[in-house]
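# Structural overview
One letter stands for each residue in the lines below.
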Amino acid sequence: MNLSDLLLVVAVIVGVAVLVGAAVVGYVWRRYQVPPRGLVAMVTALFYLATPVDVLPEIVLGPLGLVDDAGVITGVAFFVYRIVRARRALQAGGVIGRRPSDSP
């Protein structure tokens, strides 16, 4: 296996991972009605995970280099969870989601 074959394999793996990540982001966005700022956070995290530039590069640090990727995923998951929970609380309280004809 020469270098061009190896690069092709890596490109295919990264491409499939990005497609799967995009499908997950799309599903979460539609299923939980994530506001735009949550969508931006998820897409930005997906972009960070797909790019070869990392704070802790895997090539240099091996498996320890995945710590920053796990941190990004965890941080975005908590952020999206909190904004979805806040949106549901506002909807349950009637603050958002009312039609103008429903106003007193």
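In this report, the structure presented in the accompanying data block is examined. Please read these numbers as outputs of a predicted model, since none were measured by experiment.

### Considerations on helix H1 (residues 3-31)
Here H1 contains 29 residues, and its C-alpha end-to-end distance of 42 Å stays within 8% of the 42 Å for a straight helix at 1.5 Å per residue. Note on H1: the residue one or two positions beyond its end, Gln33, has a positive phi of about 50°.

### Digging into the packing of aromatic side chains
Within the structure shown, the criterion is met by zero aromatic pairs. Here Arg31 stacks its cationic end above the ring of Tyr32, 5.0 Å away from the centre of that ring.

### Comments concerning the layout of surface pockets
Its volume calculated, the largest pocket comes out at about 440 Å³. Around the largest pocket, the lining comprises 16 residues; the ones closest to its centre are Val14, Leu49, Ala50, Thr51 and Glu58. Elements with a minimum of two residues in the lining of the largest pocket: H1, helix H2 (36-50), helix H3 (58-61) and helix H4 (67-92). Residue composition of the lining of the largest pocket, by class: 12 nonpolar, one polar and three charged. Roughly 260 Å³ of volume is contained in the second largest pocket. In terms of lining, the second largest pocket is formed by Gly21, Val24, Val25, Val28, Met42, Ala45, Leu46, Leu49, Ile73, Val76, Ala77 and Val80. Listing elements by their share of the lining of the second largest pocket, those giving two or more residues are H1, H2 and H4. For the lining of the second largest pocket, a count of residues per class yields 11 nonpolar, one polar and no charged.

### What to know about a nonpolar patch on the surface
Among the surface-exposed residues, Met1, Leu3, Leu6, Leu7, Val9, Val10, Ile13, Val14 and Val18 lie close enough to one another that they form a single nonpolar patch of about 860 Å² accessible area. Inspection of the secondary structure assignment puts Leu6 in helix H1. Classification of Leu6 as partly exposed rests on a relative accessible area of 43%.

### Some remarks on the environment of Val16
You can see Val16 is positioned in helix H1. When the C-alpha atoms of Val16 and Arg88 are compared, they prove to be 33 Å apart, with 72 residues separating the residues in sequence.

Reading guide: rules and limits
Residues numbered from 1 in each chain as written. Predicted model: local features only at pLDDT ≥ 70, side-chain atom pairs only at ≥ 80, totals over all residues. Heavy atoms only, no water. Helix = DSSP H or I, 4+ residues; strand = E, 2+ residues; numbered from the N terminus. Expected span 1.5 Å × (residues − 1). Phe/Tyr/Trp six-rings, centres within 6.5 Å; stacked < 30°, edge-to-face > 60°. Lys NZ or Arg CZ within 6 Å of the ring centre and 35° of its normal. 1 Å grid on protein atoms, 1.4 Å probe; cavity = no way out; pocket = protein on both sides within 12 Å on 5 of 7 lines; lining within 4 Å. Points joined across faces, edges and corners; volume = space filled by probe spheres on them. Nonpolar A, V, L, I, M, F, W, Y, C, P; charged D, E, K, R; others polar. Patch = residues over 30% accessible without salt bridge, like charges linked within 9 Å, V, L, I, M, F, W, Y side chains within 5 Å. Areas by Shrake-Rupley, 256 points an atom, 1.4 Å probe, with all protein chains shown as cover. Salt bridge = Lys/Arg side-chain N within 4 Å of Asp/Glu carboxyl O. Buried < 20%, exposed > 50% of the residue type's maximum accessible area, 1.4 Å probe, protein only.

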